[in-house]
Amino acid sequence: MAKYLFLKHYRGAPAGVNDVPMDRWTPEEIEAHVRYMDDFATRLQESGEYVDGQALAPEGMWVRYDGEGRPPVTDGPFAETKDLVAGWMVVDVDSEQRAVELAGELSAAPGAGGRPIHEWLEVRPFLTAPPTVTE
Amino acid sequence: MRPGEPVVTASGPAVDEAALRALVPQVIGLLGRRGVDFGAAEDAVQDALVEALRVWRTDPPRDPRAWLATVAWRRHLDAVRSESSRRRREETVEVEPAPGPVREADDTLALYLLCAHPSLTPASAVALTLRAVGGLTTRQVAEAYLVPEATMAQRISRAKRTVAGARFDRAGDVATVLRVLYLVFNEGYSGDVDLAMEAIRLTRQLAALVDHPEAHGLLALMLLHHARRDTRVVDGRLVPLAEQDRSRWDTALVAEGVAVLQAALARDRLGEFQAQAAVAALHADAPSTEETDWVQVVEWYDELLGLTDSPVVRLNRAVALGHADGARAGLAALAQVPDGVPRRTAAEAYLHERAGDLLDAARLYAEAARAATSAAERDHLLRQAARLNAVGP
C-alpha cells in the first residue's frame, strides 16, 4: 500500500472545464456537490483506503524568518499571486493507478448545471520510511 | 510495549504479550473445528485477547490457552445470540460435526493459507495475517502502517468478508503466504510492533509447519538482512553497504541464517528466496565491499535470472558485475535494464562514479534523488550528488 495526497487548489491549478465560481451555483448545486464529496469520503472509509481529509480556508499568509530578534515577516498584500490550497485528502491505496482513478472520481464532483466540474487535482505520493531491505 | 516485553503494572504480575499472541492461531483453529466460521472466530478471539490483556495482570490464569478458548467461545455465543439471524446461525453450530483428532499445527497452517487467500489484495492479506496468525490488535496493525484504526478495522473486516465461507479447507498456497510475510518484513516498522521481528517469528513458525525449502529460504533471507539492520540506517541516515560498520552486524543471526540456508540448499530445490539469501550470505560473510566474492554474487544473480527474469534482478546483477568485472562491464549490463526500473538511475550514478565519470555521476545522483521513494533515500542521494559537486570537475 502506498499513501497519496490529493491537493485541491483555490488558485494555482489549471482552470477546470466547468469553471464557474461556487457562489454562482444554485443552492441545490452546492448541496449536490457537498453530498458527492461526503459520499466519496464515506466510500473510501468503508474500503479501508481513507487516511485523512480537511478543507482549508481561502485566507492564509506566507511567513518568513527575518533575522535574529525580529518578528517573522508575513507577506500581507501579495496574496493574489500565490498558489492556494483549498483542501486535501490522503488515501492509502494498492497502486498509483488506483490513486489516479480515485482522483479522477473526485474531480468529477458535480458543479454548475449539475455537470462535473472537471477540476485539476494534484496527486503526490508520500515519501515513506526506507524499507528493511535496501540493497 | 514491544513484543516479548512484559507489561509491568503496580497491581499485579506481568502479562507476556508475545506468549499470549502465540496462542491466537491455536484458539482460532479450535473454534474453527467447533464449526465457527473464520470471521466470527477471529472476532471472538480478538475480544478475548483484549479481555486477557485487561484481566490477567491481576488475575493470571493457570492455563492461558484454556482461558482464552473459553472466553472466546463465550464471546462467540454472545455474538451469535445477539444476531438477528440467530436461529439460523445456532442451527449451523449445532449441525457441525464433532471436532475430530486434528493436530494444532494443521490449524495454524490452514490459518496462514486462508489469510493469504488469492482473492485478497496484498494489503488485505498482510492485515489479516498480522491479526489472525500474529495476534496483533487492530490498533497495533494500524499504527505499524500509519493509518487510522478505523481504516484498518475496515480493511480487516472487508478481508474477512472476502474469505467468508472459505472455511479452513480451501486456501492459497505456501508461495503466496511467503510473499505476504516478505511484504510484512520489508515494511520496516513503526508503532509498538516491530514488523521485521514479527515477520521473522511468523516465518519461523511456518517453516516448522511445512515441508517447503522456500520457507527456509525466506527465513534465512530475513535473518541475514535483519543481522545488518542496525547499521543500515544510523540516526535516520541511510548508510550504503560499503560504508556499514560490519563489526556491528549480528553474528548470531548471520550464523543462524547461513545454517538455515545451507540446510535448504542441500535439498536441491532452489527457489528465489534461497538464491537471494545466498547473495545476502555472501555480503554477510565479507570483511569489506572490496573483499566480497563478487564473482559468486554475480553467479547467484544468474541463478535468480533463470528462476525469474525480473528487471530488478538484472539491475542488481549489473551492480555486482560492476564490482566483479569493473564499472564499464557493469554499465554495459545496465544498458539492458529498461528505464523506469526503481533505483536504475541511482545504480547508473554509482557505476559512473566508480568509472571515474564524476560529472555524470553527480548529475545522475541528483536525478535519482528526485525519483526516490523514501526521505532517507532521497537525502542519501542528494548527499552523494553534493559530495561530487563539492569536489568539482
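Residues numbered from 1 in each chain as written. Chains lettered and ligands numbered in written order. Predicted model: local features only at pLDDT ≥ 70, side-chain atom pairs only at ≥ 80, totals over all residues. Heavy atoms only, no water.

(A) The packing of helix α1 (residues 27-47) of chain A against helix α2 (residues 96-107) of chain A, seen in detail. All names here are of chain A. Following both chains from N to C, one finds α1 and α2 inclined at 155°, their axes separated by 10 Å at the closest point. One finds that α1 runs roughly antiparallel with respect to α2. Contacts between α1 and α2 involve Tyr36, Met37, Phe40, Arg43 and Leu44 on the former and, on the latter, Leu102, Glu105 and Leu106. Looking at the contact of α1 with α2, its residues break down into six nonpolar, no polar and two charged. (Axes fitted to C-alpha atoms, helices over the stretch in contact; angles between N-to-C directions. Helix = DSSP H or I, 4+ residues; strand = E, 2+ residues; numbered from the N terminus. Parallel < 35°, antiparallel > 145°, perpendicular 65-115°, else oblique. Contact = heavy atoms within 4.5 Å. Nonpolar A, V, L, I, M, F, W, Y, C, P; charged D, E, K, R; others polar.)

(B) Representation of the pattern of salt bridges in the model. Residues and elements named next belong to chain B. Per the counting criterion, the structure on display carries 35 salt bridges over all chains. As a salt-bridge pair, Arg201 and Glu198 come within 2.9 Å of each other at their nearest N and O atoms. Taken together, the positions of Arg201 and Glu198, both in helix α11 (residues 195-209) and three residues apart, correspond to about one turn of that helix. What makes Arg201 partly exposed here is its relative accessible area of 23%. Given the relative accessible area of 2%, Glu198 is considered buried. Connected through shared salt-bridge partners, Glu17, Arg21, Glu198 and Arg201 make up one network. (Salt bridge = Lys/Arg side-chain N within 4 Å of Asp/Glu carboxyl O. Buried < 20%, exposed > 50% of the residue type's maximum accessible area, 1.4 Å probe, protein only.)

(C) The arrangement of the nonpolar core in detail. Core analysis: the biggest nonpolar cluster contains 109 residues, and B:Leu31, B:Phe38 and B:Tyr145 have the highest contact counts within it. No other element matches the 10 residues that helix α3 (residues 38-55) of chain B contributes to this core. If you look at the next biggest cluster of nonpolar residues, it comprises 16 residues, including A:Tyr4, A:Met37, A:Leu106 and A:Leu121. (Core = buried A, V, L, I, M, F, W, Y, C linked by side-chain atoms within 4.5 Å.)

(D) Broad picture of the interface of chain A and chain B. At the junction of the two partners, chain A supplies 21 residues and chain B supplies 30 residues. Note that B:Arg155 and A:Asp92 form a salt bridge whose closest N and O atoms lie 3.0 Å from each other. The interface formed by chain A and chain B includes seven residue pairs in polar contact (both at pLDDT 80 or more). Elements that contribute at least two residues to the side of chain A that touches chain B include exactly α1 and β2 (50-55) of chain A. Grouping the amino acids of the side of chain A that touches chain B by side-chain chemistry returns nine nonpolar, six polar and six charged. (Polar contact = N/O pair within 3.5 Å; in protein donor to acceptor, adjacent residues only side chain to side chain.)

(E) Local environment of the side chain of B:Glu214. One can find B:Glu214 in helix α12 (residues 213-226). We note that B:Glu214 is buried and unpaired, the nearest opposite charge coming from B:Arg179 at a distance of 8.8 Å. (Lys, Arg positive; Asp, Glu negative; His and termini not counted.)

(F) The packing of aromatic side chains, seen in detail. Residues and elements named next belong to chain B. All chains considered together, the criterion is met by two aromatic pairs over all chains. Taking the centre distance of 5.2 Å and the plane angle of 80° together, the rings of Trp56 and Trp67 count as edge-to-face. Of the two residues, Trp56 is situated in the loop between α3 and α4 (64-82) and Trp67 in helix α4; the sequence distance between them amounts to 11 residues. On the basis of relative accessibility, which here comes to 7%, the residue Trp56 falls in the buried class. A cation sits over an aromatic face here: Arg34 above Trp73, 4.8 Å from the ring centre. If you follow Arg228 out to its NZ or CZ, it ends over the ring of Trp249, 5.4 Å from the centre. (Phe/Tyr/Trp six-rings, centres within 6.5 Å; stacked < 30°, edge-to-face > 60°. Lys NZ or Arg CZ within 6 Å of the ring centre and 35° of its normal.)

(G) Quick look at a nonpolar patch on the surface. A contiguous nonpolar patch, built from A:Met22, A:Ile30 and A:Val34 and spanning about 220 Å² of accessible area, is present on the exposed surface. Topologically, A:Val34 is positioned in helix α1. (Patch = residues over 30% accessible without salt bridge, like charges linked within 9 Å, V, L, I, M, F, W, Y side chains within 5 Å. Areas by Shrake-Rupley, 256 points an atom, 1.4 Å probe, with all protein chains shown as cover.)

(H) Quick peek at α11(B). Taking 1.5 Å per residue as the helical rise, α11(B) with its 15 residues ought to reach 21 Å, and the 21 Å between its terminal C-alpha atoms agrees with that figure. Those residues of α11(B) lying buried are B:Leu195, B:Ala196, B:Glu198, B:Ala199, B:Ile200, B:Leu202, B:Thr203, B:Leu206 and B:Ala207. (Expected span 1.5 Å × (residues − 1).)

(I) The sheet that holds strand β5 (residues 84-93) of chain A, seen in detail. Residue and element names in this part refer to chain A. Reading across the sheet, the four strands line up as β2-β5-β1-β6 and stay open at both edges, with antiparallel pairing between neighbours. Single-partner strands in this sheet number two, and they are β2 and β6 (121-125). Ignoring which end each strand starts from, the neighbouring axes of this sheet average 20° apart. Pairing of strand β1 (residues 2-11) with β6, which is carried by five bridges, proceeds in the antiparallel orientation. Counted as the bridge partner of Lys8 is Leu121 from β6. Along the sheet, α2 makes contact with β1, β5 and β6, crossing β1 at roughly 30°. (Pairing = 2+ DSSP bridges.)

(J) Region of the structure containing the environment of B:Pro311. All names here are of chain B. Tracing the sequence through the fold places Pro311 in helix α17 (residues 311-324). Residue Pro311 is classed as partly exposed on the basis of its relative accessible area of 34%. Along the sequence, Pro311 and Gly340 sit 29 residues apart, while their C-alpha atoms lie 9.9 Å from each other.

(K) Quick peek at the confidence of the model for chain B. Residue and element names in this part refer to chain B. The predicted model of chain B averages 88 in pLDDT, with 89% of residues at 70 or higher. Confidence scores differ between elements of chain B, with strand β1 (residues 7-9) showing the lowest mean pLDDT of 48 and helix α18 (residues 327-334) the highest of 98. Segment residues 95-102: pLDDT under 50, and eight contacts once partners within four positions in sequence are set aside and those in other chains are kept. What the predictor reports for the complex is a pTM of 0.86 with an ipTM of 0.82. (pLDDT = per-residue confidence, 0-100.)

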